[in-house]
Amino acid sequence: MPPESRTFIEEARRAQIISCAIEVLADQGYPHTTLAKIAKQAKISTGVISYHFGGKKQLIQAVVEEVVKLGTDMMLPRILAQPTPTDGLRAYIESNLDFMRVHRKPLIALIEIIAHTPGEGGGPNPYAEQAEVAITDLEKLLEWGQQSGEFRDFDKRSMAVSIRGAIDAVPGRLIHEPDCDLELLTRELITTFTIATRSQR
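Right, let's walk through the structure included here.

Here is what the cut-offs are and how they apply
- Residues numbered from 1 in each chain as written.
- Predicted model: local features only at pLDDT ≥ 70, side-chain atom pairs only at ≥ 80, totals over all residues.
- Heavy atoms only, no water.
- Helix = DSSP H or I, 4+ residues; strand = E, 2+ residues; numbered from the N terminus.
- Buried < 20%, exposed > 50% of the residue type's maximum accessible area, 1.4 Å probe, protein only.
- Contact = heavy atoms within 4.5 Å.
- Areas by Shrake-Rupley, 256 points an atom, 1.4 Å probe, with all protein chains shown as cover.
- Phe/Tyr/Trp six-rings, centres within 6.5 Å; stacked < 30°, edge-to-face > 60°.
- Lys NZ or Arg CZ within 6 Å of the ring centre and 35° of its normal.
- Expected span 1.5 Å × (residues − 1).
- Salt bridge = Lys/Arg side-chain N within 4 Å of Asp/Glu carboxyl O.
- Axes fitted to C-alpha atoms, helices over the stretch in contact; angles between N-to-C directions.
- Parallel < 35°, antiparallel > 145°, perpendicular 65-115°, else oblique.
- Left-handed = near helix turned anticlockwise from the far one by under 90°.
- Nonpolar A, V, L, I, M, F, W, Y, C, P; charged D, E, K, R; others polar.

Turning our attention to the overall build of the protein chain. Across its full length, the protein chain carries 10 helices and zero strands. Ordered by position from the N terminus, the helices and strands of the protein chain form the series α-α-α-α-α-α-α-α-α-α. In terms of overall dimensions, the protein chain has C-alpha extents of about 65 × 40 × 35 Å along its principal axes. The buried share among the 201 residues of the protein chain stands at 41%. Summarising the internal contacts of the protein chain: among those between residues at least 6 apart in sequence, 66% fall at separations of at least 24. Carbon and sulfur atoms form 55% of the exposed surface of the protein chain, whose accessible area is close to 11,100 Å².

Further remarks concern the packing of aromatic side chains. The tally for this structure, following the rule as stated, stands at one aromatic pair. Ring geometry for Phe151 against Phe154: centres 6.5 Å apart, planes inclined by 35°, an arrangement best described as tilted. In this pair, the class of Phe151 matches that of Phe154, namely buried. In this arrangement the basic side chain of Lys56 is found over the ring face of Tyr30, its NZ or CZ atom lying 4.2 Å from the centre.

Quick look at helix H6 (residues 104-116) now. Helix length check: H6 (13 residues) gives 18 Å between terminal C-alpha atoms against 18 Å at 1.5 Å per residue, within 8%. Residues of H6 that are buried include every one of Pro106, Leu107, Ala109, Leu110, Glu112 and Ile113, and no others. Considering only its buried residues, H6 is in contact with helix H1 (8-28), helix H4 (56-80), helix H5 (85-102) and helix H9 (170-176).

Time to look at the pattern of salt bridges. Pairing between side chains of opposite charge can happen when the charged atoms of each approach one another. Evaluated as defined, the whole model comprises 13 salt bridges. For Glu94, the salt bridge goes to Arg90, with nearest N and O atoms at 3.0 Å. Taken together, the positions of Glu94 and Arg90, both in helix H5 and four residues apart, correspond to about one turn of that helix. Note on Glu94: relative accessible area 24%, which makes it partly exposed.

As a further point, take unusual backbone geometry. If you check the backbone angles, Lys43 has positive phi at about 60° while not being a glycine. Summarising the element assignment, Lys43 is placed in the loop between helix H2 (35-42) and helix H3 (46-53).

Looking now at the packing of helix H7 (residues 128-148) against helix H8 (residues 156-168). Taken N-terminus to C-terminus, the directions of H7 and H8 make an angle of 120°; their axes are 9 Å apart at the nearest point. With respect to each other, H7 and H8 are oriented oblique. Between H7 and H8 lies a crossing whose hand is right-handed. Of H8, the residues touching H7 (which contributes Glu132, Ala134, Ile135, Thr136, Leu138, Glu139, Leu142, Glu143 and Gln146) are Lys156, Arg157, Met159, Ala160, Val161, Ile163 and Arg164. Looking at the contact of H7 with H8, its residues break down into eight nonpolar, two polar and six charged.

Turning our eyes to something else, we now look at the environment of Thr117. Here Thr117 lies in the loop between H6 and H7. Using a relative accessible area of 7% as the deciding quantity, one classes Thr117 as buried. Once you skip the residues sitting within four places of it in the chain, Thr117 turns out to touch Tyr30, Asn125 and Pro126.

A word on the side chain of His52. Looking at the secondary structure, you find His52 in helix H3. For His52, a relative accessible area of 14% puts it in the buried group. Once you skip the residues sitting within four places of it in the chain, His52 turns out to touch Glu10, Arg13, Arg14 and Ile17.

A few words now on the packing of H5 against helix H10 (residues 182-197). H10 packs onto H5 with a crossing angle of 155° between their chain directions and a minimal axis gap of 10 Å. On the basis of the axis angle, H5 is roughly antiparallel to H10. Every pair of crossing elements has a handedness; the one defined by H5 and H10 is right-handed. Touching Thr86, Leu89, Arg90, Ile93, Glu94, Leu97 and Arg101 of H5 are Leu182, Leu185, Thr186, Leu189, Ile190, Phe193, Thr194 and Thr197, all from H10. Looking at side-chain class alone, the contact of H5 with H10 contains eight nonpolar, four polar and three charged residues.

What follows is the structure in structure tokens.
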């Protein structure tokens, strides 16, 4: 059912199911997440889930889209509000790690999906498209810095992959070390990539 044809009640029910799916994914892991467990968490029948999403695959895709939206809504305004590329890169790193702190369960749910859901016929997983968007958006920020002269001349894609790789390594550490100092880690990442990108002029 396309979004524009859904009623307010249908949208609220979909949101409830997605929220419960996130809870089950984060608490029990993808291999143990079933429509029956999600339905139990939501206090509904599996038929209600099938009505709104069609099946587990469609529900998982909706979970990915919801987590991405949570991240975008939190991070994008902070990044776009910065006056310089250096400030923008700082806000990019800060907001990414702030999202991990504030939205721990959605983050874990997304990790479970990425780790356990290869795409159809061995193709990309449900997050693959968004992962590429994240790289290309970061390349635009780096290009802004190079055009302004704040950043040195480097291969934008390689640097974007490096920054994303460092950020994407953090969730695994949070899972195995829940009390790790995110503020310290944020500062170190900002320092590292500020030095790595800045112009020597």
